[in-house]
Amino acid sequence: MKQAVLYVCHGSRVKEACDEAIAFIERTQKHIHADIQEISFLELAEPSIEEGFASCIRQGATHVAVVPLLLLTAVHAKEDIPLEVKKAADNHPEVAVTYGLPIGVHQKMAKSITNRIYEQGRPDAESIIVLIGRGSSDPDVVRDLTAISELVKSEAGVSNVEICFLTAAKPSLDEMLSNLSLFKEKTVFLVPYLLFTGLLMREIQTKAEKLDHEKIKLCRYLGYDSEVEQVFAERVQAAINNHDSKYTFRYGDTCNAAING
């Protein structure tokens, strides 16, 4: 047996975002025991998933754990990446492929968010914390970010944590910012629930700067800090160990089976 790990990043038109993803995975790799470890991108950057998978095979992989570097479970994790993996594995039915979970809901992610908030100051009982997600038409994204907001309440010791999204889910960032203009006496911490910098972060910055609210504090995006790194390493190891059959398949199964068991 020769175990490989194929890390799948989303990809970005902003080179700095791709560089951040690569640097994060390179740090994570030091904690993972696998014969082969390759990095790939779903879109907008290279190497592709197909190229990364092929590199694993050339190095003699008999087992490939594919792990998405994504914050939440949505269409990319459920459909787009599995379909690309299926295409890449088409000529290698002898290779066992396991598919890992996105980072998802985890107490350490609440800790990471709280760290970003504390960089800007300590919230009081009247403060409002807003988590800004990327957004998706998949309802699981709203469910998961809502669950994370509840963890943040406990971690930060606050009662008012809201969520909003940049696209395809409600409430939108624009709607949230409009509502916040009614609470100018309260300190508001905006937390971009994004892994990397890029166009979405720039959009948040631009809109926050235009808001007529003197107590708005825009926090850093999550970045790839130690808390995120620990959770991601757990997801990688679980994929290697084949612990979660819900996200595990051998070549020949359907993508729906890969996701739904």
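Starting from 1, residues in each chain are numbered consecutively following that chain's sequence as written. Reporting in this predicted model follows two pLDDT cut-offs: at least 70 for local features of residues, and 80 or more for side-chain atom pairs to be given and counted; totals over whole chains, interfaces and linings ignore these cut-offs and use all residues. Hydrogen atoms and water are omitted, and side-chain values are computed over all heavy atoms in the structure.

1. Remarks on the overall build of the protein chain
Counting its regular elements, the protein chain contains nine helices and nine strands. Within these notes, the globule rule equals 2.2 Å times the number of residues to the 0.38 power, and the radius of gyration is based on C-alpha atoms. Taken over C-alpha atoms, the radius of gyration comes to 19 Å for the protein chain, in line with the 18 Å a tight globule of 261 residues would show. Judged by the C-alpha coordinates and their principal axes, the protein chain covers about 65 × 35 × 25 Å. Buried positions account for 54% of the 261 residues belonging to the protein chain. Should any heavy atoms of two residues lie within 4.5 Å, those residues are counted as being in contact. Considering only intrachain contacts with a sequence separation of at least 6, the fraction spanning at least 24 residues in the protein chain is 80%. Total accessible area computed for the protein chain in this model is approximately 11,800 Å², and 48% of it derives from carbon and sulfur atoms. For helices the rule is a DSSP run of H or I covering at least 4 residues; for strands it is a run of E covering at least 2, with both sets numbered from the N terminus onward. Any residue under 20% of the maximum accessible area for its type is buried, any over 50% is exposed, and the rest in between are partly exposed; the area is computed with a 1.4 Å probe on protein chains only. Computed with the Shrake-Rupley method and a 1.4 Å probe, the accessible areas treat only the protein chains shown as cover for residues.

2. With respect to the packing of aromatic side chains
Within 6.5 Å between ring centres, the rings of Phe, Tyr and Trp (the latter by its six-membered ring) count as paired, and their orientation is classed by plane angle as stacked under 30 degrees, edge-to-face over 60, tilted in between. A full pass over the atoms with the stated rule returns two aromatic pairs. Ring centres of Tyr7 and Phe232 lie 6.0 Å apart, and the angle between their planes is 40 degrees; this geometry places the pair in the tilted category. Of this pair, Tyr7 sits in strand β1 (residues 3-9) while Phe232 sits in helix α8 (residues 226-241), and the two are 225 residues apart along the sequence. Since its relative accessible area comes to 0%, Tyr7 is described here as buried. On the numbers, 5.6 Å between centres and 45 degrees between planes, the contact of Phe24 with Phe232 is tilted. Placement of the pair is Phe24 in helix α1 (residues 15-29) and Phe232 in helix α8, with a sequence separation of 208 residues. Here a set of aromatic residues connected by ring pairs shows up, and it is made of Tyr7, Phe24 and Phe232. Distance and angle both matter: a charge sits over a ring if NZ of Lys or CZ of Arg is within 6 Å of the ring centre and within 35 degrees of the ring normal. The positively charged end of Arg122 is found above the aromatic ring belonging to Tyr118, 3.6 Å away from the centroid.

3. Quick look at the packing of helix α2 (residues 49-58) against helix α3 (residues 75-88)
Their axes nearest at 9 Å, the elements α2 and α3 cross at an angle of 45 degrees. Regarding the angle of α2 to α3, the classification is oblique. Seen along the crossing, α2 lies across α3 with a hand that is right-handed. The residues of α3 that touch α2, namely those facing Ile49, Glu50 and Phe53, are Ile81, Glu84, Val85 and Ala88. Any residue outside Ala, Val, Leu, Ile, Met, Phe, Trp, Tyr, Cys, Pro, Asp, Glu, Lys and Arg is labelled polar, Gly included; the first ten of those are nonpolar and the last four are charged. Partitioned by chemical class, the residues of the contact of α2 with α3 number five nonpolar, no polar and two charged. Helix axes are fitted to C-alpha atoms over the stretch in contact, other axes to C-alpha atoms as well, and angles between N-to-C directions run from 0 to 180 degrees. Just so you know how the angles are binned, under 35 degrees is roughly parallel, over 145 roughly antiparallel, 65 to 115 roughly perpendicular, and the rest oblique. For a crossing to be left-handed, the near helix must be turned anticlockwise from the far one by less than a right angle; the clockwise case is right-handed.

4. A look at the confidence of the model for the protein chain
Of all residues in the protein chain, 93% have pLDDT values of 70 or greater, and the mean over the chain is 90. Residue-level confidence of the predictor is summarised by pLDDT, bounded by 0 at the bottom and 100 at the top. Counting contacts from residues 249-261, a segment whose pLDDT is below 50, to residues more than four positions away or on other chains yields 33 contacts.

5. What about helix α4 (residues 107-118)?
Multiplying one less than the number of residues by 1.5 Å gives the expected span of a helix. Given a rise of 1.5 Å per residue, twelve residues ought to cover 16 Å, and the 17 Å separating the end C-alpha atoms of α4 matches this to within 8%. Within the span of α4, buried status applies to Met109, Ala110, Ser112, Ile113, Thr114, Arg116 and Ile117. On its buried side, α4 packs onto β5 (128-133), α5 (139-156), β7 (188-192) and α8.

6. Notes on the sheet that holds strand β8 (residues 216-218)
A sheet is described by the order of its strands in space; here four strands give the open sequence β6-β5-β7-β8, paired in parallel fashion. For this open sheet the edge positions go to β6 (161-165) and β8, each flanked by a neighbour on one side alone. Taking each pair of neighbouring strands and ignoring which way they run, the sheet shows an average axis angle of 25 degrees. When DSSP locates at least two bridges between a pair of strands, those strands are taken to pair. Here β5 runs beside β6; their pairing, made up of five bridges, is parallel. Paired with Gly133 across the strands is Phe165, a residue of β6. Contacts from helix α7 (residues 199-210) reach β5, β7 and β8, with the element oriented near 165 degrees to β8.

7. Quick word on the environment of Leu218
Position of Leu218 among the secondary structure elements: in strand β8. The class of Leu218 is partly exposed, set by a relative accessible area of 24%. Spatially, the C-alpha atom of Leu218 lies 7.6 Å from that of Gln205, the residues being 13 residues apart in sequence. Setting aside its immediate chain neighbours within four residues, Leu218 contacts Gln120, Leu190, Pro192, Met201, Ile204, Gln205 and Ala208.

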